[in-house]
Amino acid sequence: MTDVDTGGLDRLAVAVLAQYRMATTEQMHLILSPNVRIEQTRRRLVKLRGEGLIDRVTLPQAGRTRVWYTTRYGAQVASEWPELRGRRPPRGAHDRTAVRLGVGHGLTVTETGLAFLQDARRRGDLCQALDWIPEVHHPLGGGEAVIPDALLYYRSHGTGAGGADSSGGGDGGSMLRAFVEVDRATMGPERLAAKLSAYARLHQYIPASPPGTRRPQAVPEESWRRRYPLFPRLLFVLDGTGPAGIHTRLTALQAAARQPALATLLRDVAVLATPVTDLLRHGPAAPVWQPIGGPDQRVGWMHTRHTLPGPTTGAAEPRAAAPTTAGHRPDWSQLRT
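Just so we're clear, the structure is a prediction, and the values are computed from it rather than from any experiment.

Two elements in contact, helix α2 (residues 25-32) and helix α6 (residues 103-123), have axes whose closest approach is 10 Å; the angle formed by their N-to-C orientations is 25°. Comparing their axes, α6 and α2 come out roughly parallel. Where α2 crosses over α6, the two elements pack in a sense that is left-handed. Residues Gln27, Leu30 and Ile31 of α2 pack against Leu107, Thr110, Glu111, Leu114, Leu117, Gln118 and Arg121 of α6.

Turning to the side chain of Thr70, a few remarks are in order. Summarising the element assignment, Thr70 is placed in strand β3 (residues 65-70). Excluding its chain neighbours within four sequence positions, the residues that come into contact with Thr70 are Val14, Leu17, Ala18, Leu53, Ile54, Ala75, Ala93 and His94.

Here Tyr20 lies in helix α1 (residues 8-20). Between the alpha carbons of Tyr20 and Trp132 there is a distance of 7.8 Å; along the sequence they are 112 residues apart. Once you skip the residues sitting within four places of it in the chain, Tyr20 turns out to touch Ile31, Thr110, Ala129, Trp132 and Pro134.

A separate point is the packing of aromatic side chains. For the coordinates displayed, the defined rule picks out seven aromatic pairs. Between Phe116 and Trp132 the ring centres are 6.1 Å apart and the planes differ by 25°, which places this aromatic pair in the stacked class. In this pair, Phe116 is assigned in helix α6 and Trp132 in strand β4 (residues 132-134), connecting sequence segments 16 residues apart. For the pair formed by Phe116 and Trp132, the shared burial category is buried. Summarising the aromatic geometry, the rings of Phe179 and Phe231 are spaced 5.5 Å apart at their centres and angled 75° between planes, so their arrangement reads as edge-to-face. Taken together, the positions of Phe179 in strand β9 (residues 174-183) and Phe231 in the loop between α7 (189-204) and β10 (233-238) put the pair 52 residues apart, joining distant regions of the chain. Each of the two residues, Phe179 as well as Phe231, counts as buried. Clustering of aromatic rings is evident, with ring pairs tying together Phe179, Tyr199, Trp224, Tyr228 and Phe231.

Interpretation of the predicted coordinates at a detailed level should be avoided for regions scoring low in pLDDT. Taken residue by residue, the protein gives an average pLDDT of 84. The fraction at 70 or more is 80%. Long-range and interchain partners of residues 1-6, a stretch whose pLDDT sits below 50, account for zero contacts in this model, where long-range means more than four residues apart. Counting interchain partners and residues more than four positions distant, the pLDDT-below-50 stretch residues 333-337 has eleven contacts.

This part covers the pattern of salt bridges. A side chain with one charge may pair with a side chain of the opposite charge, provided their charged atoms come close. This structure, assessed with the given rule, holds 17 salt bridges. Between Asp10 and Lys47 there is a salt bridge, with the nearest N and O atoms lying 2.5 Å from each other. Of this pair, Asp10 sits in helix α1 while Lys47 is found in helix α3 (residues 38-50), placing the two residues 37 residues apart along the sequence. Owing to a relative accessible area of 15%, Asp10 belongs among the buried residues under this scheme. Using a relative accessible area of 38% as the deciding quantity, one classes Lys47 as partly exposed. The salt bridge partner of Arg225 is Glu222, with a shortest N-O separation of 2.6 Å. Since its relative accessible area comes to 40%, Arg225 is described here as partly exposed. Counted as one network, the salt bridges with shared partners bring together Asp10, Arg44 and Lys47.

Thresholds applied
- Residues numbered from 1 in each chain as written.
- Predicted model: local features only at pLDDT ≥ 70, side-chain atom pairs only at ≥ 80, totals over all residues.
- Heavy atoms only, no water.
- Axes fitted to C-alpha atoms, helices over the stretch in contact; angles between N-to-C directions.
- Helix = DSSP H or I, 4+ residues; strand = E, 2+ residues; numbered from the N terminus.
- Parallel < 35°, antiparallel > 145°, perpendicular 65-115°, else oblique.
- Left-handed = near helix turned anticlockwise from the far one by under 90°.
- Contact = heavy atoms within 4.5 Å.
- Phe/Tyr/Trp six-rings, centres within 6.5 Å; stacked < 30°, edge-to-face > 60°.
- Buried < 20%, exposed > 50% of the residue type's maximum accessible area, 1.4 Å probe, protein only.
- pLDDT = per-residue confidence, 0-100.
- Salt bridge = Lys/Arg side-chain N within 4 Å of Asp/Glu carboxyl O.

Structure representation (structure tokens):
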């Protein structure tokens, strides 16, 4: 059969909300169908709400912005689709109060993913809506785990991308992967910097054999190799403070990078940080990223680890980020709903 309306955008809307956890009406419009009038997206969301698949909360401090999320029924329906199979939402993902209290971080994570999606469209690269996957669990043993705010899959058609997290294709492009941490200054700089140590452990973590079993003759390998051909690069997106706060957190990350335990991670993996305002104003591919463990300069996120400045023993403290504006981005950090 041909020319049958299978509700593709309806399905994608539910899938995006099930995966992203939450999004505003404008964010959903830009993700789903930016080339049509936003009223069409509003009608689609209202229809899906009437079918019991999604719901919304209204934020009075943000101009009565509507934030959408899946209902328990909508998440159950979406979990049966191949593109979301195995994805289990966290507790509270379908609770109105939990969504309302989590909008500051949740909407910033969605906005960050949208920035990569829009940049890929402008550049002719391939990054689909569901290539941004929040909260992927990576166990470290003993009940511990690394759970990045998002895992990004991105196919670049340019020849300058690639490196420690890429795998090439026959067309000369590169498949890029990145762990993304969105920090909104809700934790101290030292706790932020401690995340570097967690990723260094993941980089080297080899699971123990189950009790009562004999280890195969093959050489043991790190657990991440079961998921990725190469270890994804690590991107820190900093939000929630002005230039002074950004400078403090960049300094903490650079200080942590001097630890000997991080040498292998920094040698093999590109670790970069940027203020969210610069990311949204200039786009992820622009030279807005500060290499962690390297000298003070700005690069694009697609740079390979081998083309980045090498780790330095006495890296200069980062410059304070220049004040930037984020266009029409709402200031969700001020919400007290």
